[in-house]
Amino acid sequence: MKLRIKFAKSGCMKLIGHLDIMRYFQKTIRRAGIDIAYSEGFSPHQIMSFAAPLGVGLESQGEYLDIQVHSASSSRQMAAELNRVMTEGIEVRSVRRLPEDGRNAMSIVAAADYFLRFENGCPPEFDAFMAQENISVLKKTKKNKILLDIRPLIYDFRREETGIFLKLAAGSVNNLKPELVMEAFFSWLGEAWDPFCCQICRLELYAWAGGGKPEGDAAPEQKPVSADSFISLEELGESIDDAE
Amino acid sequence: MRKLALSDRILMSVDKPARYIGNEWNSVMKEKSDVKIRFALCFPDVYEIGMSHLGIQILYNMYNQRPDIWCERVYSPWTDLDQIMRERNIPLFAVESQDPVKEFDFLGITIQYEMCYTNILQILDLSQIPLHACDRTEEDPIVIGGGPCTYNPEPLADFFDLFYIGEGEVANLALMDLYLEYKEQNAGRQEFLRRAAKLPGIYVPSLYRVSYHEDGTISAFTPLCGEAPEQVRKVIETELDDAYYPDNPVVPFIKVTQDRLVLEIQRGCIRGCRFCQAGMVYRPVRERSLSWLKEKASKMLKSTGHEEISLSSLSSSDFSQLEELIRFLIEEIGEKKINISLPSLRIDAFSLDVMRRIQDVKKSSLTFAPEAGTQRLRDVINKGLTQEDILTGAAAAFEGGWNKVKLYFMLGLPSETEEDMEGIAALSNEVARVYYDTVPKEKRNGRVQVTASSSFFIPKPFTPFQWASMLEAEEYLERARVVNHAMKEQLNRKSLNYQWHSPETTIIEGVLARGDRRVGAVIEAAYRNGCIYDAWTESFHYDKWMEAFAAVGLDYHFYTSRTRSLDEIFPWDFIDTGVTREFLKREWKRAQEGRVTPNCRAGCAGCGAKTFGGGVCYETEN
């Protein structure tokens, strides 16, 4: 049986990197007594995969990992057992059963919501910045730098009093980090981007609604994207009731 | 939620910020207002090293069992953060509360190896506590040292208010009770130290005066008041099952050096190798019971979620219940997908069978520690291992599929000749030869890999070799060259690989190991010259140490290559480890005669540790 665990990461836990969070969950799953499945071999490891690594320094309300288990109690009970053995700053929000043919979270991530909370209010020029047709940035790849138009990868945005909401492309095909948007914005303002002027929080991770990428060869960003283009990773699983 | 001592900006700019934030599973949070004593427990090296240490885990939990004490942890900031803290005058803090160490009642520092001494000064300095105990006031924490290096605490005497000599579980809580009493009476720091000096195992260096002969050796070591005993006797637990041991050790977020659960099966060692300080000062051997070990293993695995468990002892093969313990671990713990790691096992049919069951033969290597290249020299150091033991063990291992062997040696041992040095190469070659003799061509998985490495021998206090002389750095290097050259002459040279340690580090460690109070000024000068993390090759600066000796006006040869007379008063002689000076002298003499001494189970050599009233000394009496 596959389970999907959703968790939040805040406070000093934002300084724990992705690999260490994986190790952390391996230990908490043991402590909680979850009946997880192991791989074969001399050093068996838990069958577990994370949806999308979160950069060090970022908080999140919507992180996901999928695990394979031999047996499960109810969603409510497993979440409680996990939360009993969590350190402050990590909170399990839900544990849900995935359909047997459900795909790994990692392979279906398509978008992510972020909120950027500004210490001294959000610069009002952000709307004007977003009104541009193209936003070209230099993106560093492993080998060289390429000029990339990130505007189509920003699926949605909203400026609020305390900060900026962004819905960005995520996953293995197109992945846009909120830091890159800010870098472009501040460079457009003619200012240097200070990564510590705002606290970034990932709010949610999504897959394309309807079970996969939009049909056809066209890259997803060329399709019109609307609010119902996506489904949260959590919604792809179902709750296991206490009675089951 | 806690406010961290360091800003995000600082934390995100340094390597591994998780070293400094605390919040680990099983770490202990209390309310400041609920406790009477705040204890900062420090391992003066980087977090990953300090978090791997069992003693800290024991003491941390032991103190925190008490509702009136909050014990927190402190580690050395890595060099990147060290620089930032100095620039911005940020005081060193404990990881739990993130409060400055200088606000604590106690700063307890474990002193595990000599090359961390400058890190101790770094800890004091960053904490904004005066380096010298004599400059501290009622506002400063009491600075207390413990651990193996307290068996010669003298080079650090100026920097500590008191030392705790022996096993931490025994009398630390009594010291805390004494402190509460003193605090209530407002008796003053000096009065507390005088009272503490009366407790077993406590050494207050400021209550003693050292006088020297003209030649620099010690003429007298004199207590300055009635409370200070002439001899400080180490304290030990006689029944290990009754000693405090935590059920719930702290679980780090980041990968640490020993990233596993540690189960201590016994203390002490029956072997009596003459170079080994641990083997002498931790006498007598005391074992934990099987039922205790089984229960602890299960409890700790549950409370931590660790996926690996390791046994800890100086020589696991000598643990009398080893087979039954390992059967339990493999059959009952291994079922739960827990990896088992077994260090320091003698290589024989039993251990090979065990290792085959718990690890991937292809990936793992076998380790032997012959320590010396010839049987003559192995007899001098009382290392029981024979060439036959090694070759038989290796043959069995090669048949079992292993093809990597590590051999550990020491160079510069007393009476060492060129033949002994070349013997290292010859023995390595023999091991390789056994592989080609044992494993037929079609079954070979490539070439055998024999890695020999040598450290340079450093005489340590309270060993039969405490009278031995060291060599010059160049001579050490020359001996390593002899071995290296001999390696290249061997028939199986292509299967051999030889490595050696830094001779410069050896010299400094040698000075610190057998140093007296005057060496403290050198440590301080080296620290002022910028030395910290001397245990780390990349940050060890021999030239800065040499400058420090010159500035202080001390000749390091006095501590290294000088010949010591049998009746010389050593700086550490005021400590009573139970093992008598007479026994050590006898062993030193037997070493020179090349005579071996049987291990504690084969026959009592009368070392003196029997006076503690427990352990191996009484095994046969029941």
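In this text, all values refer to a predicted model and were calculated from it rather than measured experimentally.

Reading the values: the criteria
Residues numbered from 1 in each chain as written. Chains lettered and ligands numbered in written order. Predicted model: local features only at pLDDT ≥ 70, side-chain atom pairs only at ≥ 80, totals over all residues. Heavy atoms only, no water. Contact = heavy atoms within 4.5 Å. Buried area = accessible area lost by both parts, 1.4 Å probe. Salt bridge = Lys/Arg side-chain N within 4 Å of Asp/Glu carboxyl O. Polar contact = N/O pair within 3.5 Å; in protein donor to acceptor, adjacent residues only side chain to side chain. Helix = DSSP H or I, 4+ residues; strand = E, 2+ residues; numbered from the N terminus. Nonpolar A, V, L, I, M, F, W, Y, C, P; charged D, E, K, R; others polar. Phe/Tyr/Trp six-rings, centres within 6.5 Å; stacked < 30°, edge-to-face > 60°. Buried < 20%, exposed > 50% of the residue type's maximum accessible area, 1.4 Å probe, protein only. Core = buried A, V, L, I, M, F, W, Y, C linked by side-chain atoms within 4.5 Å. Pairing = 2+ DSSP bridges. Right-handed = clockwise from strand over helix to strand, strands pointing away. Domains from an automatic or database assignment. 1 Å grid on protein atoms, 1.4 Å probe; cavity = no way out; pocket = protein on both sides within 12 Å on 5 of 7 lines; lining within 4 Å. Points joined across faces, edges and corners; volume = space filled by probe spheres on them.

### Observations concerning the interface of chain A and chain B
On the chain B side, the residues contacting the 28 residues of chain A number 34 residues. In total, about 2600 Å² of surface goes out of reach between chain A and chain B, with carbon and sulfur atoms giving 62% of it. Our enumeration of links across chain A and chain B arrives at four salt bridges. We note a salt bridge from A:Arg23 to B:Asp259, for which the minimum N-O separation is 2.6 Å. Our enumeration of links across chain A and chain B arrives at 10 residue pairs in polar contact (both at pLDDT 80 or more). The leading source of residues in the side of chain A that touches chain B is helix α1 (residues 18-32) of chain A, at seven residues. When grouped by side-chain class, the residues that make up the side of chain A that touches chain B number 12 nonpolar, seven polar and nine charged.

### Quick notes on the packing of aromatic side chains
All names here are of chain B. One pass over the structure, following the stated rule, counts 50 aromatic pairs over all chains. Ring centres 5.4 Å apart and planes at 80° place the aromatic pair Tyr-179 and Phe-192 in the edge-to-face group. Residue Tyr-179 is found in helix α6 (residues 172-185), and its partner Phe-192 is found in helix α7 (residues 189-196); the two are separated by 13 residues along the sequence. You'll find Tyr-179 and Phe-192 in the same group, each marked buried.

### Description of the nonpolar core
Counting 217 residues, the largest nonpolar core has A:Phe25, A:Ile67, B:Leu107, B:Leu162, B:Phe192, B:Phe465 and B:Trp545 as the members making the most contacts within it. For this core, the leading source of residues is helix α14 (residues 418-438) of chain B, giving eight residues. Excluding residues that lie within four positions of it along the chain, B:Leu162 makes contacts with B:Ile142, B:Val143, B:Ile144, B:Gly145, B:Leu175, B:Phe192, B:Leu193, B:Ala196, B:Ile202, B:Tyr203, B:Val204 and B:Pro205. Formed by 45 residues, the second largest nonpolar core is a distinct cluster that contains A:Ala52, A:Ala110, A:Leu166 and A:Ala207.

### Brief notes about the pairing of strand β4 (residues 142-146) of chain B
In the case of a regular strand, side chains alternate between the two sheet surfaces. All names here are of chain B. In terms of burial, β4 is largely enclosed, as five of its five residues are buried. Relative to β4, strand β3 (residues 106-110) runs parallel, the two sharing five bridges. Following the sheet pairing, Thr-110 is matched in β4 by Gly-146. For the crossover that starts at β3, traverses helix α5 (residues 117-126) and ends in the parallel β4, the hand is right-handed.

### With respect to the domain arrangement of chain B
When cut into domains, chain B gives domain 1 (8-233), domain 2 (260-359 + 577-622) and domain 3 (360-501). Computed from C-alpha coordinates alone, the two centres of domain 1 of chain B and domain 3 of chain B are separated by 40 Å.

### Details of the environment of A:Val85
Residue placement: A:Val85 occurs in the loop between α2 (75-84) and β4 (90-97). Distance from A:Val85 to A:Ile47, taken between C-alpha atoms, is 20 Å for residues 38 residues apart in sequence. Other than its neighbours up to four places away in sequence, A:Val85 contacts A:Tyr24, A:Thr28, A:Arg31, A:Ala32 and B:Trp25.

### Some details on empty space enclosed by the protein
All names here are of chain B. Tallied over the entire structure, the rule returns six cavities of 30 Å³ or more. There is about 170 Å³ of room inside the largest cavity. If you go around the largest cavity, you meet 18 residues; those closest to its centre are Met-51, Gln-57, Pro-249, Arg-260 and Val-262. Broken down by class, the residue content of the lining of the largest cavity amounts to 11 nonpolar, five polar and two charged. Structurally, the lining of the largest cavity is a two-domain feature, drawing no fewer than three residues from each of domain 1 (8-233) and domain 2 (260-359 + 577-622).

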